[in-house]
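Below, each chain spelled out in residue letters.
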Amino acid sequence: MGLVLSVTVASYVAWRSHTDKITTSAQQHLAIQYKDNSDCDLARQTCIAQFADVQVQVELPQQPVYLKPFVLKVRTRGNSSVAITTVRAHFVMQDMQMPTPVTTLQAMPSADDGERSWQGNVILPVCISGRHDWRVVIELETATTRYRVQQRLSMAGVR
């Protein structure tokens, strides 16, 4: 029980002190485009969301494990792909107010074919209620638009 409480407190402190949660005045004026892609389970397959001007592909190269860093990859292609400056990821649970850290993914070298890729090490927290129905929220930003896509990450049976 002490470990769960320590992990919960550490997750909260990391979330509260993380600078990615600070919204600047420039970010407040971004147009937001949202796709709920929860029918795609990222624990079982690569998930693709299509916006009007950009396609977002999210994948996990290996099965995630609670409280251990694992790689999350995001690829984009389309007209707005080259304009994306920031990609962030975090985990949420529906109807839960559990704070989780936001991870900014790093841009990876890419070809000049309009496809771009980012990756980062993320950590999946443990929910003290025992729930396993996580959602992965990916946010991509250009100078004028924030794209937000959400995928399911079912962790039932995973330790």
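Residues numbered from 1 in each chain as written. Predicted model: local features only at pLDDT ≥ 70, side-chain atom pairs only at ≥ 80, totals over all residues. Heavy atoms only, no water.

A.B. asks: For this particular structure, what's the right way to read the state of the cysteines?
C.D. replies: Here is the idea: a disulfide is a covalent bond, and it sits between the sulfur atoms of two cysteines. If you walk through the whole model with that rule in mind, you get one disulfide. The partner cysteine of Cys40 in its disulfide is Cys47, sulfur to sulfur 2.1 Å. Measuring handedness by torsion sign, the sulfur bridge of Cys40 and Cys47 sits at about -95° and is left-handed. (Disulfide = S-S within 2.5 Å.)

A.B. asks: Help me understand the pattern of salt bridges in this model?
C.D. replies: Two side chains with opposite charge may pair up if their charged atoms get near one another. This model, assessed by the stated rule, comprises nine salt bridges. Across the pair Asp41 and Arg44 runs a salt bridge, and its minimum N-O distance is 3.6 Å. Where Arg152 meets Asp41, a salt bridge forms, and the shortest distance between an N and an O atom there is 3.8 Å. On the criterion of sequence distance, the pair formed by Arg152 in strand β10 (residues 145-154) and Asp41 in strand β1 (residues 31-41) is long-range, its members being 111 residues apart. Overall, the relative accessible area of 28% leaves Arg152 in the partly exposed class. One continuous salt-bridge network, built from bridges that share partners, spans Arg88, Glu139, Glu141, Arg146 and Arg148. (Salt bridge = Lys/Arg side-chain N within 4 Å of Asp/Glu carboxyl O. Helix = DSSP H or I, 4+ residues; strand = E, 2+ residues; numbered from the N terminus. Buried < 20%, exposed > 50% of the residue type's maximum accessible area, 1.4 Å probe, protein only.)

A.B. asks: I tried to follow the nonpolar core on my own but got confused; where do I start?
C.D. replies: One broad rule of soluble globular proteins: the nonpolar side chains tend to lie buried together. One finds Leu72, Trp134, Ile138 and Leu153 to be the most contacted residues of the largest nonpolar core, which totals 32 residues. Elements with a contribution of two residues or more to this core: β2 (47-50), β3 (55-59), β4 (70-77), β5 (86-93), β8 (116-122), β9 (133-141) and β10. In this structure, Leu72 is in contact with Leu42, Val58, Glu59, Leu60, Ala89, Leu105, Trp118, Gln119, Gly120, Val122 and Ile138, ignoring residues within four places of it in sequence. (Core = buried A, V, L, I, M, F, W, Y, C linked by side-chain atoms within 4.5 Å. Contact = heavy atoms within 4.5 Å.)

A.B. asks: Looking at this model, I keep getting lost on the pairing of β10. Mind explaining?
C.D. replies: Consecutive side chains along a regular strand alternate between the two faces of the sheet. Counting buried positions over the ten residues of β10 gives eight, a clear majority of the element. Sheet analysis places β1 next to β10, joined by eight bridges and oriented parallel. Each residue of the ladder has a partner; that of Tyr34, found in β10, is Arg148. Looking at chain direction, β9 and β10 are connected through nine bridges and run antiparallel. Within the sheet, the bridge partner assigned to Arg135 lies in β10 and is Arg152. Where β9 folds back onto β10 in an antiparallel hairpin, the turn is made up of three residues. (Pairing = 2+ DSSP bridges.)

A.B. asks: Explain the sheet that holds β3 to me, please; I cannot follow it from the model alone.
C.D. replies: In a beta sheet, neighbouring strands pair by backbone hydrogen bonds and run either parallel or antiparallel. Read from one edge to the other, the open sheet built from five strands follows the order β2-β3-β4-β8-β7, with strand pairing classed as antiparallel. Where the open sheet ends on each side, the last strands, each with one partner, are β2 and β7 (106-108). Adjacent strand axes in the sheet meet at a mean angle of 25° when their direction is disregarded. Direction of pairing for β7 relative to β8: antiparallel, over a ladder of three bridges. Counterpart to Ala107 in the pairing with β8 is Trp118. (Axes fitted to C-alpha atoms, helices over the stretch in contact; angles between N-to-C directions.)

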